[in-house]
There are 2 protein chains.
Amino acid sequence: MNYRLVIQYDGTRYAGWQRQTATKETIQGKIEDVLGRMAGEPVEIIGAGRTDAGVHARGQVANVHLSRERRPEEIREYLNRYLPEDICVSEVKEAAPRFHSRLNARRKTYLYRISTDTVKNVFERKYIYGLKEPLDVKKMEEAASYLLGVHDFQGYCTRKMKKSSVRRLDEIRFREMEGELRIYYTGDGFLYNMVRILTGTLIEVGQGKRSPRSVTEALETGERARAGYTAPPQGLCLMKVEY
Amino acid sequence: MNYRLVIQYDGTRYAGWQRQTATKETIQGKIEDVLGRMAGEPVEIIGAGRTDAGVHARGQVANVHLSRERRPEEIREYLNRYLPEDICVSEVKEAAPRFHSRLNARRKTYLYRISTDTVKNVFERKYIYGLKEPLDVKKMEEAASYLLGVHDFQGYCTRKMKKSSVRRLDEIRFREMEGELRIYYTGDGFLYNMVRILTGTLIEVGQGKRSPRSVTEALETGERARAGYTAPPQGLCLMKVEY
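Residues numbered from 1 in each chain as written. Chains lettered and ligands numbered in written order. Predicted model: local features only at pLDDT ≥ 70, side-chain atom pairs only at ≥ 80, totals over all residues.

Colleague: I would appreciate a short explanation of the overall build of chain A in the present structure.
Modeller: A tally of helices and strands in chain A yields five helices and 10 strands. Since a compact globule built from 243 residues should have a radius of gyration of about 18 Å, the 19 Å found for chain A is in line with a globular shape. Each principal axis of the C-alpha atoms in chain A carries an extent, and together these give about 55 × 40 × 30 Å. For chain A, buried positions account for 39% of its 243 residues. Taking all contacts inside chain A whose residues are at least 6 apart in sequence as the whole, residues at least 24 apart take part in 71%. (Helix = DSSP H or I, 4+ residues; strand = E, 2+ residues; numbered from the N terminus. Rg over C-alpha atoms; globule rule 2.2 N^0.38 Å. Buried ≥ 20, exposed ≤ 12 C-beta atoms within 10 Å, placed from the backbone. Contact = placed C-beta atoms within 7 Å.)

Colleague: Got a minute to help me understand the pairing of strand 9 (residues 180-187) of chain A in this structure?
Modeller: Remember that side chains alternate between the two faces of the sheet whenever the strand is regular. Residue and element names in this part refer to chain A. The two faces of strand 9 differ: Leu181, Ile183, Tyr185 and Gly187 on one face are buried, but Glu180, Arg182, Tyr184 and Thr186 on the other face are not. Where strand 5 (residues 107-115) lies against strand 9, eight bridges are found, and the strand directions are antiparallel. Each residue of the ladder has a partner; that of Tyr110, found in strand 9, is Tyr185. Strand direction decides the pairing type here: strand 8 (residues 166-177) and strand 9, joined by eight bridges, are antiparallel. Bridging across to strand 9, Leu169 finds its partner in Gly187. The loop that links strand 8 with its antiparallel partner strand 9 comprises two residues; one of these, Gly179, has a positive phi angle of about 70°. (Pairing = 2+ DSSP bridges.)

Colleague: So what exactly am I meant to see when it comes to the relation of the copies chain B and chain A here?
Modeller: Between the two chain copies there is a screw-like relation: a rotation about an axis and a shift along it. Turning chain B through 180° and shifting it by 0.0 Å along the axis lays it on chain A, with an RMSD of 0.0 Å. Taken together, the rotation and translation relating the two chain copies correspond to the operation of a two-fold axis. Comparing interface residues between copies, 100% of those in chain B also sit at the interface in chain A, which points to an isologous, same-surface contact. (Least-squares fit on C-alpha atoms with pLDDT ≥ 70 in both.)

Colleague: Just checking my understanding: could you explain helix 3 (residues 137-147) of chain A for this structure?
Modeller: Since one α-helical turn is 3.6 residues long, residues separated by three or four positions face the same way. Residues and elements named next belong to chain A. Among the residues of helix 3, Met140, Ala143, Ala144 and Leu147 are the ones counted as buried. Down the axis of helix 3, the buried side of the element spans an arc of 105°, and every buried residue falls inside it. Within helix 3, the exposed residues directed more than 90 degrees away from the buried face are Lys138 and Ser145. At its buried positions, helix 3 is contacted by strand 8 and helix 4 (194-206). Immediately downstream of helix 3, the backbone of Gly149 shows phi near 100°, a positive value. (Arc of directions from axis to C-beta.)

Colleague: Before we go on, may I ask you to explain the interface of chain B and chain A in this structure?
Modeller: Think of interface size as the accessible area that goes away when the parts come together; that is how it is often given. Between chain B and chain A, the contact holds 14 residues from the first and 14 residues from the second. Listing elements by their share of the side of chain B that touches chain A, those giving two or more residues are strand 1 (2-9) and strand 4 (87-95) of chain B. The greatest single-element share of the side of chain B that touches chain A, amounting to three residues, is contributed by strand 4 of chain B. For the side of chain B that touches chain A, the residue count by class is seven nonpolar, two polar and five charged. (Nonpolar A, V, L, I, M, F, W, Y, C, P; charged D, E, K, R; others polar.)

Colleague: Can you help me understand the domain arrangement of chain A in this one?
Modeller: Residue and element names in this part refer to chain A. When its domains are assigned, chain A resolves into domain 1 (2-95) and domain 2 (107-242). Summarising the inter-unit geometry, the C-alpha centres of domain 1 and domain 2 are found 27 Å apart. Taken together, the 14 residues of domain 1 in the interface contact 12 residues of domain 2. Among the residues forming the side of domain 1 that touches domain 2, the class breakdown is five nonpolar, seven polar and two charged. (Domains from an automatic or database assignment.)

Colleague: Looking at this model, I keep getting lost on the environment of Asn121 of chain A. Mind explaining?
Modeller: Here Asn121 of chain A shows up in the loop between strand 5 and strand 6 (129-130). Spatially, the C-alpha atoms of Asn121 of chain A and Glu44 of chain A are 38 Å apart, while their sequence positions differ by 77 residues.

Colleague: What's the story with the packing of helix 3 (residues 137-147) of chain B against helix 4 (residues 194-206) of chain B in this structure? I'm lost.
Modeller: For any two helices packed against each other, one specifies the crossing angle of their axes together with the interaxial distance. All names here are of chain B. Viewed as axis vectors pointing N to C, helix 3 and helix 4 meet at an angle of 135°, and their least axial separation amounts to 8 Å. Between helix 3 and helix 4, the angle falls in the class oblique. When you trace helix 3 past helix 4, the crossing you get is right-handed. Residues Val137, Lys139, Met140, Ala143, Ala144 and Leu147 of helix 3 form the contact with helix 4, whose own contacting residues are Leu198, Leu202, Val205 and Gly206. (Axes fitted to C-alpha atoms, helices over the stretch in contact; angles between N-to-C directions. Parallel < 35°, antiparallel > 145°, perpendicular 65-115°, else oblique. Left-handed = near helix turned anticlockwise from the far one by under 90°.)

Colleague: How should I be thinking about the environment of Ser214 of chain B in this particular structure?
Modeller: Mapping Ser214 of chain B onto the fold places it in the loop between helix 4 and helix 5 (216-221). Residues Ser214 of chain B and Ala227 of chain B, 13 residues apart in the sequence, show an inter-C-alpha distance of 8.5 Å.

This is the structure:
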């Protein structure tokens, strides 16, 4: 039986989603350990987005095949009883046998939070990038408009992609709050570090360090050096995966 | 010169505001260490509210006398450079020589946050009490109305008070949000554990375990046993001190 899970986590102390060597703590590793104990056999859980070290999620989606059928509510309760307090499974449902959380994902939405306040908020410090500078959001919106649509985003990626680095970016939405700027990115998929590099580049535009138009250079040349810096992981959160 | 400070902190890893033995980490101890280094002499900082272990603050007020005059902004920047990331000084101002943050405080407001959702929020887990049960807020509001005014709150206190345990409770305000109940308490002062015991008692009313009227028993008898349980510290936050 195939199950679909919705998961939220505070990624602060983890080496990211994906299971690595035994010594590194990962979200996938933690969930597989608990699920494996419940199932009495090793299990593999597939996540829709492979979030980096320190990145958070409110709506990560994953799926897992279990050889014995169980009630979804039983699985959810077992997981939440034994998972550490920074990981929570908010939903478990039965899924079609062929459902694959990553390959079937149509769209994902990420949120990047930037603190523009000079006074830090101690309660949000692990979930926001403390830039502490005002930003010109009008210019950032103009820059964002050049990034929308279908492009080869290799220049906005830290790793050389083996397969295609072409992605469709549907929306970049800005929300200005008191002392904070939130940027929501929605697209059909995101390359390694892509949202963080997009954010670093937009921040440089908002600081007046580069023109809005200049964000197209990394798209046209595919050169990482033409894009801005990689914004730190703690401001980033995977919000939603659509199917 | 006397200075007035506004301080916010995440109290999770501290043994409360008040300096204790050298081995215990306290907010007062951390700030005095940094200020003392700046001043080149031992300093004593006086906090308006002595928050317990694990309790947070957004608007703690404190004052400190320094023998050498300094610009308030210089003090604030020095503190925020050297304080740990879970303490932040949001404001420093010159104060009248006789200003005393605790003795001159007219009113304080505390917030207690209760999660009534069955699914926990991993991002808020350190700042909210995960009750995970629905509460009858109408009944809690009725109970709260009996607590307002001037009373001897000894029954709502864990320690026997040497001085008077009479306090004036001006307001208990309820704010219902999705999956969360917030209770704001405003009064002229609060005894040791008083807000947490008031909250535990109101929760028992909201769960239907006791009648709204029964909250007056601890007021009339002064017996701690007549009040409800002490709600855990992480839901509590000192929001504001008025002068």
